[in-house]
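Architecture and fold: a report
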Amino acid sequence: MKIAVCVKQVPSSEARIAIAPDQRSIDPTDVEMVLNPYDEYALEEALRIKEAKGGEVIVVTVGPEKAKEALRTCLAMGADRGVIVTDPAYHGGDALGTARILADVLRGLEPDLVWCGKLSIDVEGDATPIALAEYLGWGHVALVTKVEWSDDRNARVQREVEGGREIVAITLPVVLSAEKGLNEPRYPSLKGIMAAKRKPIEEVKPSVAAESVGAAGRGVEIVAMAPPPERSGGRKFTGEIAEVVPQVVELLKTEAKVL
Amino acid sequence: MLKRVLVLAEQREGRFRKSAYEAVGLARTLGSEVHVVLVGSSVAALAPQLGAYGATTVHTVEDPRLALYWPEGYAAALAAAIEAVQPELVLLIATAMGKDVSARVAARTQAALLSDCIQLELQDGALQAVKSMYGGKVFATVRAQRLPVVATVRPSAYPAPAPGSAAPQVQALAVALPEAPRAAVVEVAQHEQGKLDVQEAEVIVSGGRGIKEPKNFELIEQLADALGGAVGASRAAVDAGWIDHAHQVGQTGKTVSPKLYVAVGISGAIQHLAGMRTSKCILAINKDPDAPIFTVADYGIVGDLFKVVPVLVAEIRKAKA
């Protein structure tokens, strides 16, 4: 089975985020960049399928030269090769533009199955995997937490929804987006890291016009960024529990009015 | 004011989700005509209820294949309604279903997509939203560059209005559904009955590393019960396998803003704080007086959670009695 995994390099969840002087982007100085955590679940699942059924795992990203680090991480985990769109004219698009670029690249790769993380933890558009399925003309399941194959083309997958789980019957080709809980991603082994250095990363140019999908084609524009509303610590109670707790409950009731 | 807003009202098993009323209520404040598309196997009888929240016209799309969620079927229904209504704004709530259908339909209709908005308003004729990014570390103002716009709004960001008594026009909409479903829901497994989802709850009680072991989550549940709230968890508790990921609050979980957030045995890692700092009121219980969680808490109790929580449960029950 040929499986493509769409990935993105993003600031680590532990990173402090500062807003750049233009007030509409973030300051990249000293921000640790990592493989998007949800993409790790997607890649892990793709690798497990390959291990069980054979085939190839290709990781695909749209991003600058530096984003190759994220591809190398994937290759070290076990992916076979990487594909990247480095042309800056294709960068900075919105979720729909990025989905069109990915659809274009994936058509050339002809995968049987596409995995994505459910969202990237930077701009949190969470629409890319689904829009990608629409542009490919494929079915999709988002927020997948479990996959059970009945044969090489058919599976039942589970997805998380509010208050429950939905079981979805799928037939390949399909786009799946990974939710946390799907699996426990492996760490790259030393051998994997060494092997990754020799695996190919190919730079490709999409055939779709950059003006319609990159920054120039955005349907939505970030006009301002601000830190979250400041919040200062309130009162801290350190006394005897038997005295302090009733006091706090009274404040919740009469001052905060949340009881 | 926009001329026409179209809402997809989410129902499951013949009942509206709270989000349906929230979406209709918000649409009413943005547009003069509020059209609603209602999708399911047999849903026409539900339609009149939506008038009370501001729907002027309800378009029903009924088919046995739409009884459970089917992304392409629901997308076809919404796309047909867009074709019929020609709205400037298509509005959904950012639930699992809302995010799913909105992305497909925005891609299909080449609309601008504003997803998971905390605020959505008209600003000089353009739709403008506030979105949380980087797990709540940044609030971005995002403006749509064209109409129509497909937007999803975070659950509970706009509470449903008090119902009135207006009756909507109801009409059936014929939709050509795709031939064979390639990915359709075949079964729904409900979580435990009566358990609230963290994103829909007005009160959340979350447990963290300080809980020490999974069975101690009973304490968190008791406190959540006393407050009528949902059970949440920090990433540490989820990664330790003590509780399902559906409960996780923070950057790789859910971003929440309930009326009251109670953090129990949570030190307050940056990615957790980002996910809950917009809560209206925060109460933290932690034995470490220097825990970062106290820097965002309105009320902090420094003490052993195993001693504090039982007393707190009793006092809350007393206060609410």
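Residues numbered from 1 in each chain as written. Chains lettered and ligands numbered in written order. Predicted model: local features only at pLDDT ≥ 70, side-chain atom pairs only at ≥ 80, totals over all residues. Heavy atoms only, no water.

1. Regarding the overall build of chain B
Inclusion rule: Numbering of helices and strands starts at the N terminus; helices are DSSP runs of H or I of at least 4 residues and strands are runs of E of at least 2. To get the radius of gyration, use the C-alpha atoms; to get the globule rule, take the number of residues to the power 0.38 and multiply by 2.2 Å. Think of it in three bands: residues with accessible area under 20% of the maximum for their type are buried, residues over 50% are exposed, and the middle band is partly exposed, with areas taken using a 1.4 Å probe on protein chains only. We call two residues contacting when some pair of their heavy atoms lies within 4.5 Å. Computed with the Shrake-Rupley method and a 1.4 Å probe, the accessible areas treat only the protein chains shown as cover for residues.
Across its full length, chain B holds seven helices and 17 strands. Computed over the C-alpha atoms, the radius of gyration of chain B is 21 Å, within 12% of the 20 Å expected from 2.2 N^0.38 for a compact globule of 321 residues. In terms of its C-alpha atoms, chain B occupies a principal-axis envelope of roughly 60 × 45 × 40 Å. Here chain B holds 321 residues, and the buried ones make up 63% of them. Long-range contacts, defined as pairs at least 24 residues apart, comprise 63% of the intrachain contacts of chain B with a sequence gap of at least 6. Looking at chain B as shown, the accessible area adds up to about 11,800 Å², and 50% of this sits on carbon and sulfur atoms.

2. Thoughts on the nonpolar core
Let me state the cut-off plainly: Put simply, a nonpolar core is a bunch of buried Ala, Val, Leu, Ile, Met, Phe, Trp, Tyr and Cys residues held in one set by side-chain atoms that sit within 4.5 Å of each other.
The biggest cluster of nonpolar side chains holds 109 residues, and the ones touching the most others in it are Val5, Trp115 and Leu132 of chain A together with Leu78 of chain B. The dominant element in this core, judged by the number of residues it contributes, is helix H2 (residues 71-85) of chain B, at nine residues.

3. Overview of the pattern of salt bridges
Note the cut-off: Salt bridge, as applied in this entry: a Lys or Arg side-chain nitrogen positioned within 4 Å of an Asp or Glu carboxyl oxygen.
One pass over the structure, following the stated rule, counts 36 salt bridges over all chains. The salt bridge involving Glu51 of chain A is made with Arg186 of chain A; its shortest N-O contact spans 2.7 Å. With a gap of 135 residues between them, Glu51 of chain A in helix H1 (residues 37-53) and Arg186 of chain A in the loop between strand E10 (174-178) and helix H5 (190-196) connect regions that are remote in the sequence. A relative accessible area of 26% means that Arg186 of chain A is categorised as partly exposed. If you follow the salt bridges from partner to partner, you end up with Arg159 and Glu166 of chain A together with Glu10, Arg12 and Asp100 of chain B in one network.

These results come straight from atomic positions and should not be treated as a statement about function.
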